[in-house]
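Inside the fold
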Amino acid sequence: MIDHDILIIGGGLAGTRAAVEIARMNPSLSIGLIAKTHPIRSHSVAAQGGIAATLKNADPTDSWEAHAFDTVKGSDYLADQDAVAILTQEAPNVVIDLEHMGVLFSRAEDGRIAQRAFGGHSHNRTCFAADKTGHAILHELVNNLRRHNVKLYDEWYVMRLIFEDNEAKGVVAFRIVDSQLEVFRAKAVMFATGGYGRVYNTTSNDFASTGDGLAMTARAGLPLEDMEFVQFHPTGLYPVGVLISEAVRGEGAYLINAEGDRFMATYAPSRMELAPRDITSRAITYEVRAGRGINYQDGSAGGPVVYLDLRHMGREKIMSRIPFCWEEAHLHLGIDAAEQPIPVRPTVHYSMGGIPVNTDGRVRSSATGLTEGFFSAGETACVSVHGANRLGSNSLLECVVYGRRTGAAIARYVEGRTLPSIEVSRYLQEAKQTLQALLDQPGQYRIQEIRQAYQDCMTEHCGVFRTEAVMQEGISQLKALQQKAEQIYLDDKGTCWNTELIEALELRSLMMVGEMILTSALNRRESRGSHSREDYPNRDDGTFLQHTLATYGPGGVALNYMPVVVNQFEPQERKY
Ligand SMILES: Cc1cc2nc3c(=O)[nH]c(=O)nc-3n(C[C@H](O)[C@H](O)[C@H](O)COP(=O)(O)OP(=O)(O)OC[C@H]3O[C@@H](n4cnc5c(N)ncnc54)[C@H](O)[C@@H]3O)c2cc1C
């Protein structure tokens, strides 16, 4: 057994920012940070467009209240407004702090941090490092881990949360290089395990975004919040789905259909291409359905994509402000975006829901109760600052603001606490059996086969538009696939770098998360933010101005609801 005062699972922005805060507050605490990738390879490194904060460098009339209002309106009024106030008030401070750590932000002419426009934001407030913002921030944070003596366990896969009597006590993990199993014990455990984009067949997320932290939390009998809200980013590069950042539209690119029209004029005349993502993704889907999409190969009408057109922006601006997007289009499709439009369509991008936490990152046990020793932040958590739809550049901000707050709360929490007792042999034995059963299974299906069928099922039955009948069908297909997943077989029986074994465990996470998404979505009989029901096209504040809490149990998924904190902005109709 390995002991630390604090265990952090996940080396992205949220986990590393929390670790730095704990070490700053109390350098004598021992912190273990476990990640299945190297921290630098966490999905945070791929973040492109930027991080929002009212520094007022580009626009002196901006204010945290305006940022808060934009965030709440963007969320379709489902965000908790106390959490949003903290997010937006602390934003300038955390960005300056990152700069002091050494993050190289892009500059305005006068030398101050530059700020660009972003979807759903009423002022230019997104700070950035070209279109490689996540890369710039994560590298500095990981360097700071070394400075603060945080013990890194990279390429260790956490397979179970040890949670007894409402208290998190540690985790069970195995080292990928040699399959060594280990119990880790701590006074507090934090999950910063990122999103679940791989639940769908087309996503901007990395291969590690499989929702493991969510599945482990659900398996411990704890609820997950607002899982029905899945963000589709409007501009995934066709056909792979990798992201073409919103920064490209922030810098002035157009969306055009087969008729050459800037069709956003029909859907969001005041914001055009910079409408929030849910609205823009729906607009693209409507255009494609109406036959105004484009066949990328020959440019004819009736195809599955629309064009993102940068040609009027000029090569110099493209190469200085959004070079990575140019590189991506060039790498994957051989396109020179200064000369040719880029084919795009919506791609699964972000998880608004997650592990329910309070504004100190303490995980909730129910609508009214809190767990002991269990914390979470970042994309895997739901403090609810994004409600039903996240605004671009608010996620990096959430990771940093709530990573820091959660780190501070943990440092205070562990003071005076002792290490819990754990029956180590029992947990090791169970984990060993789980792995051995997978290795010994004489099944008939390959993992890839089942995963593909499952991702197609989720994409088809719980996508941009949803209806009762389609989701019911999705649930029955999912059940059948879960049965089949019990009959997968593994070719690799070895103990050295057995990635097939990890994929088998990840498949379980994906399926658990998908079931939570579908069940939560089925019961929300309204349209709000990213959750767009064709059979219930209106928002219904009377019944559904509430957070969903979905709890997994032997009898299936049970749903409860929790009030939304509305203390600053009364819900209004959402128009742009
Ligand atoms: C392509 C792309 C571009 C984006 N651009 C922006 C942007 O410009 N602005 C913005 O605000 N947001 C952006 N986002 C969203 C934002 O980047 C993410 O929401 C955020 O970085 C998530 O950080 P995180 O720390 O929560 O998780 P991640 O960075 O995803 O890290 C998760 C960590 O958990 C570890 N982990 C997971 N499961 C296990 C397990 N079982 N065992 C051990 N370790 C585990 C992983 O190894 C990893 O270290 C973008 C997202 C994508 C995909």
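Residues numbered from 1 in each chain as written. Predicted model: local features only at pLDDT ≥ 70, side-chain atom pairs only at ≥ 80, totals over all residues. Heavy atoms only, no water.

We now examine the packing of aromatic side chains. Applying the stated criterion across every chain yields a total of 14 aromatic pairs. A ring pair is formed by F69 and F569, whose centres lie 5.3 Å apart and whose planes are at 65 degrees; its orientation type is edge-to-face. On the criterion of sequence distance, the pair formed by F69 in helix 2 (residues 64-74) and F569 in the segment after strand 24 (556-563) is long-range, its members being 500 residues apart. Judged by its relative accessible area of 15%, F569 is buried. Between the aromatic rings of Y153 and F184, the centroid separation amounts to 4.9 Å while the plane-to-plane angle is 80 degrees, which identifies the pairing as edge-to-face. Here Y153 is found in strand 7 (residues 151-154), whereas its partner F184 is found in strand 10 (residues 180-185), with 31 residues between them in sequence. When its relative accessible area of 9% is taken as the criterion, Y153 is described as buried. (Phe/Tyr/Trp six-rings, centres within 6.5 Å; stacked < 30°, edge-to-face > 60°. Helix = DSSP H or I, 4+ residues; strand = E, 2+ residues; numbered from the N terminus. Buried < 20%, exposed > 50% of the residue type's maximum accessible area, 1.4 Å probe, protein only.)

Before going further, it helps to examine the pairing of strand 23 (residues 546-553). Judged from the two bridges that link them, strand 12 (residues 224-225) and strand 23 form a sheet pairing that is antiparallel. The partner of E225 across the bridge, within strand 23, is L549. With eight bridges connecting them, strand 23 and strand 24 associate as antiparallel partners. From the neighbouring strand, Q546 faces strand 24, where its bridge partner is P563. (Pairing = 2+ DSSP bridges.)

Turning to the site of the ligand, a few remarks are in order. In the vicinity of the ligand lie 37 residues, with S42, H43, S44, E379 and S395 positioned nearest. One of the backbone N or O atoms of K36 is found 2.9 Å from a nitrogen atom in the ligand. G50 is positioned such that a nitrogen or oxygen atom in its backbone is 2.8 Å from a nitrogen atom of the ligand. Here the ligand, which alone exposes 1,000 Å², has 97% of that area covered by the protein. Secondary structure elements with two or more residues in the shell around the ligand: helix 1 (13-25), strand 8 (156-164), strand 16 (342-351) and helix 11 (395-413). (Near = heavy atom within 4 Å. Polar contact = N/O pair within 3.5 Å; in protein donor to acceptor, adjacent residues only side chain to side chain. Areas by Shrake-Rupley, 256 points an atom, 1.4 Å probe, with all protein chains shown as cover.)

Further remarks concern the pairing of strand 13 (residues 230-237). Most of strand 13 is tucked away, with eight of its eight residues classed as buried. One ladder, built from six bridges, connects strand 13 with strand 16; its direction is antiparallel. The partner of Q231 across the bridge, within strand 16, is Y350.

Tallied over the full model, the rule gives two cavities of 30 Å³ or more. Of the pockets and cavities examined, the largest cavity occupies roughly 60 Å³. In this structure, the largest cavity is lined by Q231, F232, R277, D278, S281, R282, N389, V464 and S530. At the level of elements, strand 13 and helix 8 (277-289) are the ones that each hand at least two residues to the lining of the largest cavity. Among the elements that line the lining of the largest cavity, the one with the most residues is helix 8, at four residues. Grouping the amino acids of the lining of the largest cavity by side-chain chemistry returns two nonpolar, four polar and three charged. In this structure, the second largest cavity occupies an estimated 30 Å³ of space. What lines the second largest cavity is V357, G361, S376, A377, G378, A381, V383, E398, Y402 and T406. (1 Å grid on protein atoms, 1.4 Å probe; cavity = no way out; pocket = protein on both sides within 12 Å on 5 of 7 lines; lining within 4 Å. Points joined across faces, edges and corners; volume = space filled by probe spheres on them. Nonpolar A, V, L, I, M, F, W, Y, C, P; charged D, E, K, R; others polar.)

The next point concerns the nonpolar core. Formed by 139 residues in total, the largest nonpolar core has its most connected members in I51, V171 and I517. If you tally residues by element for this core, the top one is helix 15 (residues 499-523), at 14 residues. Counting residues in each nonpolar core, the second largest holds 29 residues, with F118, V248, L255 and A337 among its members. (Core = buried A, V, L, I, M, F, W, Y, C linked by side-chain atoms within 4.5 Å.)

It is worth spelling out the domain arrangement of the protein at this point. As assigned here, the protein comprises domain 1 (230-349) and domain 2 (440-563). Placing a centre on the C-alpha atoms of domain 1 and another on those of domain 2 gives a separation of 28 Å. Contacts between the two partners involve eight residues from domain 1 and, on the opposite side, ten residues from domain 2. Taken together, both faces of the contact between domain 1 and domain 2 bury some 790 Å²; the carbon and sulfur share is 63%. For domain 1, the biggest contributors to the area lost against domain 2 are V230, F232 and R282; these three give 58% of the whole. (Domains from an automatic or database assignment. Contact = heavy atoms within 4.5 Å. Buried area = accessible area lost by both parts, 1.4 Å probe.)

Here we take up the sheet that holds strand 12. Pairing in this open sheet of three strands is antiparallel, and the strands run 12-23-24 from one edge to the other. Of all strands in the sheet, those with a lone pairing partner are strand 12 and strand 24, marking the two edges.

The geometry of helix 13 (residues 447-461) relative to helix 15 is characterised by a closest axis approach of 11 Å and an angle of 20 degrees between their N-to-C directions. On the basis of the axis angle, helix 13 is roughly parallel to helix 15. When the axes of helix 13 and helix 15 are compared, the crossing they make is left-handed. Here I447, I450, R451, Y454, M458 and H461 of helix 13 lie close against helix 15, whose contacting residues are E500, E503, A504, L507, L510, M511, G514, I517 and L518. When its residues are assigned to classes, the contact of helix 13 with helix 15 shows ten nonpolar, two polar and three charged. (Axes fitted to C-alpha atoms, helices over the stretch in contact; angles between N-to-C directions. Parallel < 35°, antiparallel > 145°, perpendicular 65-115°, else oblique. Left-handed = near helix turned anticlockwise from the far one by under 90°.)

Bringing the layout of surface pockets into the picture now. What the second largest pocket holds in volume is close to 710 Å³. Lining the second largest pocket we find 30 residues, and of these M159, R219, T434, L505 and R508 sit closest to its centre. Within the residue set of the lining of the second largest pocket, elements represented by two or more residues are strand 8, helix 5 (212-219), helix 12 (424-440), helix 14 (468-485) and helix 15. By residue number, the principal contributor to the lining of the second largest pocket is helix 15, which donates eight residues. Looking at side-chain class alone, the lining of the second largest pocket contains 19 nonpolar, four polar and seven charged residues.

On to the packing of helix 13 against helix 14, then. Where helix 13 meets helix 14, the axes come as close as 9 Å, and the angle between the chain directions of the two elements is 170 degrees. What the angle tells us is that helix 13 and helix 14 run roughly antiparallel. From helix 13, I450, A453, Y454, C457, E460 and H461 reach across to helix 14, where they touch V470, M471, E473, G474, Q477, L478, L481, K484 and A485. Here the contact of helix 13 with helix 14 is composed, by residue class, of nine nonpolar, three polar and three charged.

Sheet strands associate in pairs through backbone hydrogen bonding, adopting either a parallel or an antiparallel arrangement. Taken together, three strands build an open sheet; the order of strands is 4-6-5 and the sheet is antiparallel. At either margin of the open sheet sits one strand with a lone partner, and together these are strand 4 (51-52) and strand 5 (115-116). Pairing between strand 4 and strand 6 (residues 126-127): two bridges, direction antiparallel. Looking at strand 6, one finds that A52 is bridged to T126.

To continue, consider the environment of F375. With respect to the helices and strands, the residue F375 is situated in strand 19 (residues 370-376). The class of F375 is buried, set by a relative accessible area of 1%. For F375 and V189, which are 186 residues apart along the polypeptide, the C-alpha to C-alpha distance reads 6.1 Å. Apart from residues lying up to four places away in sequence, F375 is in contact with A188, V189, M190, F191, D360, G361, R362, V363, T406, A409, I410 and Y413.

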